[in-house]
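Next come the chains, spelled out residue by residue.
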Amino acid sequence: MGQTVLVDQAFVQPQEHRPKTVVSDADDIPLIDLSPLSSDSDVTSAPETLLAQVEAACRDWGFFQVINHGVSPELLRKAEAIQREFFALPDEEKRKVRQDEQNALGYYEAEHTKNVRDWKEVFDIIAHEQDEIDVVGLVLKNKWPQVPLGFRETFEEYAKSMEKLAFRLLELIALSLNLPPKKLNIFFEKANSLLRLNYYRPCPNPDLVLGVGRHRDPGALTVLYQDSTGGLDVKRQSDGEWIRVKPISNAFIINVGDTFQVWSNDKYTSAEHRVSVNSEKDRISIPFFLQPGSCINVRPLEELTDEKNPAKYNEYSYGEFIRARKYGNLKKLEVQNIQIDHFKRAQ
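Position numbers for residues start from 1 in each chain and track the written sequence from start to end. Local features in this predicted model are restricted to residues of pLDDT 70 or higher, and side-chain atom pairs are both shown and tallied only at a pLDDT of 80 or more, whereas totals for entire chains, interfaces and linings draw on every residue. Calculation of side-chain values draws on the structure's entire complement of heavy atoms; hydrogens and water are dropped beforehand.

A. Layout of helix α2 (residues 73-87). Numbering of helices and strands runs from the N terminus, with a helix taken as a DSSP run of H or I at least four residues long and a strand as a DSSP run of E at least two residues long. Helices are assigned an expected span. That span is 1.5 Å times one less than the residue count. A rise of 1.5 Å per residue sets the reference length of α2, with its 15 residues, at 21 Å; its end C-alpha atoms lie 21 Å apart and thus fit the reference within 8%. Of the positions making up α2, those classed as buried are L75, L76, A79, E80, I82, Q83, F86 and F87. Remark: exposure states derive from per-residue accessible area (1.4 Å probe, protein chains only) relative to the maximum for the residue type, with buried under 20%, exposed over 50%, and partly exposed in between.

B. Highlighting the packing of aromatic side chains. When the centres of two rings from Phe, Tyr and Trp lie within 6.5 Å, Trp using its six-membered ring, the rings pair. Their planes under 30 degrees apart give stacked, over 60 give edge-to-face, and anything left gives tilted. The final tally for this structure, using the stated rule, is 20 aromatic pairs. Where F86 meets F87, the ring centres are 5.2 Å apart and the plane angle is 80 degrees; that geometry is what we call edge-to-face. Residue class for F86 comes out buried when judged on its relative accessible area of 0%. The exposure class assigned to F87 is buried, which follows from its relative accessible area of 6%. Ring centres of F260 and W263 lie 5.5 Å apart, and the angle between their planes is 80 degrees; this geometry places the pair in the edge-to-face category. With F260 and W263 both in helix α5 (residues 258-263), this residue pair falls three residues apart, about one helical turn. For the pair F260 and W263, a shared accessibility class is recorded, and that class is buried. The structure contains a cluster of three or more aromatic residues connected by ring pairs, namely F86, F87, Y107, F123, W144, F151, F155, Y158 and Y199. Geometrically, a lysine NZ or arginine CZ counts as sitting over a ring once it is within 6 Å of the ring centre and also within 35 degrees of the ring normal. The lysine or arginine in question, R201, covers the ring of W119, its NZ or CZ lying 4.0 Å from the ring centre. Above the plane of the ring of W242 lies R274, whose end atom (NZ or CZ) is 4.3 Å from the centre.

C. Representation of the nonpolar core. Counting 83 residues, the largest nonpolar core has F155, Y158, F252 and F260 as its most contacted members. In terms of residues, this core owes the most to one element, helix α4 (residues 151-176), which gives 14 residues. Residues contacting F155, with those up to four places away along its chain left out, are A79, I82, Q83, I125, L195, L197 and I286. Each nonpolar core is a collection of buried residues, namely Ala, Val, Leu, Ile, Met, Phe, Trp, Tyr and Cys, held together in the definition by side-chain atoms within 4.5 Å. W61, L208, I253 and A271 belong to the second largest nonpolar core, which has 21 residues in total. The contact definition used throughout considers only heavy atoms, calling two residues in contact when any of these lie within 4.5 Å.

See the structure below:
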């Protein structure tokens, strides 16, 4: 007798991409202690052991966790509480700030990854002082809900903390590539950085669906906070196995995005990851996506290419790239959403 399917078919993953009942729970996803860096110290003072850890994590995993990062635990608790309060609101209240094709910011409950609907609700906030950005002619403006009280103030504060941490990590990773620490900062003068609130409710068929289908992040770096429920899986590069990222209290999960993979000419890899759900407990996470400006053209850095290691990617517009990716997330398409592999050169 077949399994009873209690979810809409739009959520059901193809057989080959459904989560297994058991996912490896690895202790070897790198955990990096940032305490050797004080909150205001120059990253050039970072010890060689720290840079070696960062290099190995970016090269071998594309994923790592950081502790002693300088972000207040009280801010994390406050953000989590207000996030839960928002997603507990009635649907009609949340839809007052719903995304649409003209302005893909605010609340959304029907996002697709790889053309399969994700089992989640989201709220997207552009992390920009002007409260709006222009993505190649598409103006995105933040939609702030009236309730819960303190929502805007909390996540504006949170976004500033994430931006500060993300730039310190950006500079550490630049040093790990033998680049000047601020070499990459110029690409973020008009950044498209995004803060996203994710909510994954319990699912009656967790073996058929995914909270977020397998994907790689398009930007430079992602800085993610997750609650204690767990569910983030990363594909291990060495053998292709899915590994559950264990929640660590007050830690952030960092992953290298597609942009960094191209800049590094494949030295560092944007790891494929997904979110599994469960039938008993909800889950929240808050990723901050550090993304270049729309006007930036992305290509392998000259310092990291030569005759023996020629550029592996053609140059592309980040604004056009992210606009196409965002549009493909809003609804099901007949073709696969654009990926950096489309710009890969024949070797």
